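Descriptive structure summary
The chain contents come next:
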Amino acid sequence: TALKESFGVWRKVPKSLFYLFLSFCVAIFGFSATFLYTVVYATKVLFIDEVVWAFITAFIPITTIILALPVGKLVDKIKRKTPILASILIFGLSMWIFVNGDLTKVALSLILMGVAQVMLNAAFSALQTDLTPKDLRGKVNGFINFANYIVMASGSFLGGFLYEHVAPQAPFMVAVASVIPSALLTLIFVKEPEKREE
């Protein structure tokens, strides 16, 4: 019953919300393909010392902590799509820098990942709220969480297969490639409401 109601909720919400969801799924799929292999790639392929890697991974949470409040404030002042599109493109750039990186480039890529993460989380959540009627938010959130876990598992499986059987760089190229459809879906099909839901 819960599944049926969650699938049916998409008939009751704006189409822009569905396209926003699809865009997010594509981005999450690309990220999931790399998530489990960043440490392996950094230490085994780029030959970054494991202790050094442990320190530079702190750049992501540090970046998100520093930017959380300013980005949240910015999202309230400008159109939500702008930081979403920017975060998608920044994520793709960070993956490109990472896969071709040395220690300095890897550190930069991790900082960019933190920037993309905080921008996407703030803007996506805000736009999702803007587009979702109050009485349907539980069902929409439930479906999105349910679908995201499936997407993440699928991305991780593909990333592992590509890493082992194609090339270590392949999962990261999937992440970079995922930027294009994700950005296009947001740019073309996601329309911000004239009146935001409360």
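Just so you know, these numbers come straight off a predicted model, no measurement behind them.

**So, the overall build of the protein chain**
Broken down by element type, the protein chain carries nine helices and zero strands. Secondary structure of the protein chain in N-to-C order comes out as α-α-α-α-α-α-α-α-α. Its C-alpha atoms give the protein chain a radius of gyration of 18 Å, within 12% of the compact-globule value 16 Å for 198 residues. Its C-alpha atoms give the protein chain principal-axis dimensions of roughly 50 × 35 × 25 Å. Across the 198 residues in the protein chain, those meeting the buried criterion constitute 47%. For the protein chain, the proportion of contacts with a sequence separation of at least 24, taken over those separated by at least 6, is 85%.

**Quick look at a nonpolar patch on the surface**
Where nonpolar side chains cluster on the molecular surface, the patch consists of I180, L184, L187, I188 and F189 and spans about 460 Å² of accessible area. Relative to the assigned elements, L184 resides in helix α9 (residues 170-189). The partly exposed category is assigned to L184, whose relative accessible area is 42%.

**Comments concerning the nonpolar core**
The nonpolar side chains of a soluble globular protein tend to be buried with one another. Counting residues in each nonpolar core, the largest one holds 53 residues, and the members touching the most others are W10, L20, W53, F98 and V106. Looking at this core, the elements with two or more residues in it are α2 (15-35), α3 (38-45), α4 (50-56), α5 (59-77), α6 (81-99), α7 (103-131), α8 (137-165) and α9. At 14 residues, α7 tops the list of elements feeding residues into this core. Contact partners of W10, with chain neighbours within four places excluded, come to L17, F18, F21, V140, F143 and I144.

**Here we look at the pattern of salt bridges**
In the structure shown here, the tally under the stated rule is two salt bridges. Of the charged contacts in the structure, one is a salt bridge between R80 and D76, with a shortest N-O distance of 3.2 Å. Here D76 falls in the exposed class, since its relative accessible area comes to 53%. Salt-bridge contacts for R80 lead to D130; the nearest nitrogen and oxygen are separated by 2.7 Å. Here D130 lies in helix α7 and R80 lies in the loop between α5 and α6, a separation of 50 residues in the sequence. The burial state of R80 is the same as that of D130; both residues are buried. Via salt bridges that share partners, D76, R80 and D130 belong to a single interconnected network.

About the criteria used
- Residues numbered from 1 in each chain as written.
- Predicted model: local features only at pLDDT ≥ 70, side-chain atom pairs only at ≥ 80, totals over all residues.
- Heavy atoms only, no water.
- Helix = DSSP H or I, 4+ residues; strand = E, 2+ residues; numbered from the N terminus.
- Rg over C-alpha atoms; globule rule 2.2 N^0.38 Å.
- Buried < 20%, exposed > 50% of the residue type's maximum accessible area, 1.4 Å probe, protein only.
- Contact = heavy atoms within 4.5 Å.
- Patch = residues over 30% accessible without salt bridge, like charges linked within 9 Å, V, L, I, M, F, W, Y side chains within 5 Å.
- Areas by Shrake-Rupley, 256 points an atom, 1.4 Å probe, with all protein chains shown as cover.
- Salt bridge = Lys/Arg side-chain N within 4 Å of Asp/Glu carboxyl O.
- Core = buried A, V, L, I, M, F, W, Y, C linked by side-chain atoms within 4.5 Å.

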